[in-house]
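# Coordinate analysis (summary)
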Amino acid sequence: MTIEDRHHDIANWVAEAGGISVEQVVEKYGVSPATARRDLDALAEQMIVVRTRGGARAAAVSGELPLRYRAATLSKEKLDIARAAVALVTPGQVIAFTGGTTTTQIAQELGVRVAANAEFTSGGTTVLTNAINIANDLIVRPELRIVLTGGTAMIRSYELVGPLAKAGLPSINVDVFFLGVNGIDPKRGFFTEHETEAEISAAILEQSVSSYIVADHTKFGATAFAKICGLSDVTGIITDTKADPVAVAKLRDQGCNVILV
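Let me sum up the structure you'll find in this document. None of the values given here were measured: they were computed from a predicted structure.

Conventions and cut-offs
Residues numbered from 1 in each chain as written. Predicted model: local features only at pLDDT ≥ 70, side-chain atom pairs only at ≥ 80, totals over all residues. Heavy atoms only, no water. Helix = DSSP H or I, 4+ residues; strand = E, 2+ residues; numbered from the N terminus. Expected span 1.5 Å × (residues − 1). Buried < 20%, exposed > 50% of the residue type's maximum accessible area, 1.4 Å probe, protein only. Phe/Tyr/Trp six-rings, centres within 6.5 Å; stacked < 30°, edge-to-face > 60°. Lys NZ or Arg CZ within 6 Å of the ring centre and 35° of its normal. Pairing = 2+ DSSP bridges. Axes fitted to C-alpha atoms, helices over the stretch in contact; angles between N-to-C directions. Contact = heavy atoms within 4.5 Å. Right-handed = clockwise from strand over helix to strand, strands pointing away.

### As for helix α6 (residues 101-116)
Relative to the 22 Å expected for 16 residues at 1.5 Å per residue, α6 spans 23 Å between its end C-alpha atoms, a close match to the ideal helical length. Taken together, the buried positions of α6 are T101, T102, T103, T104, Q105, I106, A107, E109, L110, G111 and V114.

In structure tokens, the structure reads:
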């Protein structure tokens, strides 16, 4: 297990248990007490945990771990979804992303594609996002023009939200929008955890010619607080083949285009 994998595992462990000790880390991972303390110190520096005497407890925000510690989950499924999504992109388009682990994977795959495809060298392709990490990942690609919304940053998702995030959207056009969600209800539509994130996602959706929900199979039947939109408001859903077949059938019966990869 790499240090990064161990840190990811410890972060999830603390979030679930509420607190752990140095001795527990030593026993579980077979590391020295000094290494265990360094692991907890590193997570504390990133505000994932709060160090205590002899261990660590969950930070106030760690009930929902920041994106960088959730990104490793279901990586193969997310990669398959990302490659299918990027295949829908053509040079010269305006491509929009919300924040999230799956959309981040798509953005990274887009970066790989534009770097390898001479058709993107004209510089006419634009990426619009409210996700700081996605803008950071793609700003190094000279083939892409990066437009970042304004707004207030969310610590868990790196997304910019609020009135400033929406202010300039009515004056722009989006050709294809990739939208991450926390829950898919086969009857009611698509949901996310926070109303401010739902609001900015819905605002970008209004400006989009085509839009795709990008979500792995764990989002089917999951519940979340804030509704983003209904089934008929998006062009389709891109998900992996482990998605509940009953839910997929219900979505398709209602005219929703479900792409399994």
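### Remarks on the packing of aromatic side chains
One pass over the structure, following the stated rule, counts three aromatic pairs. Pairwise contacts between aromatic rings join F97, F178 and Y212 into one cluster. Looking at K28, its charged tip hangs above the ring of W13, at a distance of 4.4 Å from the centre.

### Re the sheet that holds strand β1 (residues 19-21)
Across the sheet, three strands lie side by side as β1-β3-β2; this open sheet has antiparallel pairing. Each end of this open sheet is capped by a strand with a single partner; those strands are β1 and β2 (49-52). With strand direction ignored, the average angle separating the axes of adjacent strands in the sheet is 20 degrees. Note: β2 against strand β3 (residues 55-58), four bridges, orientation antiparallel. Bridging from a neighbouring strand, V50 pairs with R57 of β3. Sitting on the sheet, helix α1 (residues 3-17) is in contact with β1, β2 and β3, with an inclination near 120 degrees to β1. Contacting β1, β2 and β3, helix α3 (residues 33-45) runs over the sheet at an angle of about 135 degrees to β2.

### Observations regarding the sheet that holds strand β5 (residues 125-129)
Pairing within the open sheet is parallel, and its seven strands lie in the order β6-β5-β4-β9-β12-β14-β15. Pairing within the sheet leaves two strands with one partner each, and these edge strands are β6 (144-148) and β15 (258-260). Strand-to-strand twist across the sheet, computed as the mean angle between neighbouring axes with direction ignored, equals 25 degrees. Sheet strands touched by helix α9 (residues 195-206): β4 (94-97), β9 (174-180) and β12 (208-214). Its angle to β9, the strand with the most contacts, is close to 155 degrees.

### Describing the pairing of β4
Going residue by residue along β4, you find V94 and A96 tucked away on one face and I95 and F97 tucked away on the opposite face as well. Where β4 meets β5, four bridges bridge the pair, whose relative direction is parallel. What sits directly across from F97, in β5, is T129. You can see the chain leave β4, run along α6 and come back into β5, and the turn it takes is right-handed.

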